[in-house]
Amino acid sequence: MNWDQIAGGWKQIKGRAREQWGKLTEDDLDVVDGRREQLIGKIQQRYGCAKEDAERQIAVWERKVSDAWFR
């Protein structure tokens, strides 16, 4: 699954992002709206981590995304 697919289906899978990063609010996820760089920034803000760590977390999560998440 690539990020274009994630961005395109953001409304269906943003709950999965909330499961992964519980400190992100519904408003945070609405602001992100499928944009990877916005998600990186929100993770940094809520978790106080470096950009590289946020990018790593997203890369791991991105590999877990499956077609089943879009149902």
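Details of the structure are given in the entry above.
The text that follows walks through the structure, step by step, so that each part is easy to find. (Residues numbered from 1 in each chain as written. Predicted model: local features only at pLDDT ≥ 70, side-chain atom pairs only at ≥ 80, totals over all residues. Heavy atoms only, no water.)

1. Considerations on the side chain of Lys42
So the rule is basically this: Strands here mean DSSP runs of E at least two residues long; helices mean DSSP runs of H or I at least four residues long; both are numbered from the N terminus. For this analysis, residues touch if any pair of their heavy atoms sits within 4.5 Å.
Relative to the helices and strands, Lys42 resides in helix 4 (residues 36–47). Ignoring sequence-local partners within four residues, the contact set of Lys42 consists of Leu24, Asp28, Val31 and Val32.

2. Concerning the nonpolar core
Counted only if it meets this: Here, the term nonpolar core denotes a set of buried Ala, Val, Leu, Ile, Met, Phe, Trp, Tyr and Cys residues that are joined through side-chain atoms within 4.5 Å. Whether a residue is buried, partly exposed or exposed follows from its accessible area with a 1.4 Å probe, protein chains only, as a fraction of its type maximum: under 20%, in between, or over 50%, in that order.
Membership of the largest hydrophobic core comes to 18 residues, with the highest contact counts inside it found for Trp10, Trp21, Leu39, Ile43 and Trp61. Of all the elements in the fold, those that place two or more residues in this core are helix 1 (3–8), helix 2 (10–20), helix 3 (26–32), helix 4 and helix 5 (51–64). If near-sequence neighbours (up to four positions away) are discounted, Ile43 is found in contact with Trp21, Leu24, Gly48, Cys49, Ala54, Gln57 and Ile58.

3. Regarding the environment of Asn2
Our working definition: Contacts described as polar in this section are N or O atom pairs within 3.5 Å, which, within protein, must combine one atom able to donate a hydrogen with one able to accept it, while residues neighboring in sequence count only if both atoms come from side chains.
Locating Asn2 in the fold gives a position in the segment before helix 1. In sequence terms Asn2 and Lys51 are 49 residues apart; their C-alpha atoms lie 20 Å from each other. There is a polar contact of 3.0 Å between the side chain of Asn2 and the backbone nitrogen of Asp4.

4. A look at the pattern of salt bridges
This is how it is decided: Note on definitions: salt bridges are taken to be side-chain nitrogens of Lys or Arg within 4 Å of carboxyl oxygens of Asp or Glu.
Enumeration according to the criterion identifies eight salt bridges in this entry. The residue Arg36 makes a salt bridge to Glu62 at a minimum N-O spacing of 3.5 Å. Placement of the pair is Arg36 in helix 4 and Glu62 in helix 5, with a sequence separation of 26 residues. Look at Arg36 and you get partly exposed, because its relative accessible area is 23%. A salt bridge links Glu37 to Lys51; the shortest N-O distance between them is 3.7 Å. Highlighted residues: Glu37 in helix 4 and Lys51 in helix 5, separated in sequence by 14 residues. Each member of the salt-bridge network shares a partner with another, and the members are Lys14, Arg18, Glu26 and Asp30.

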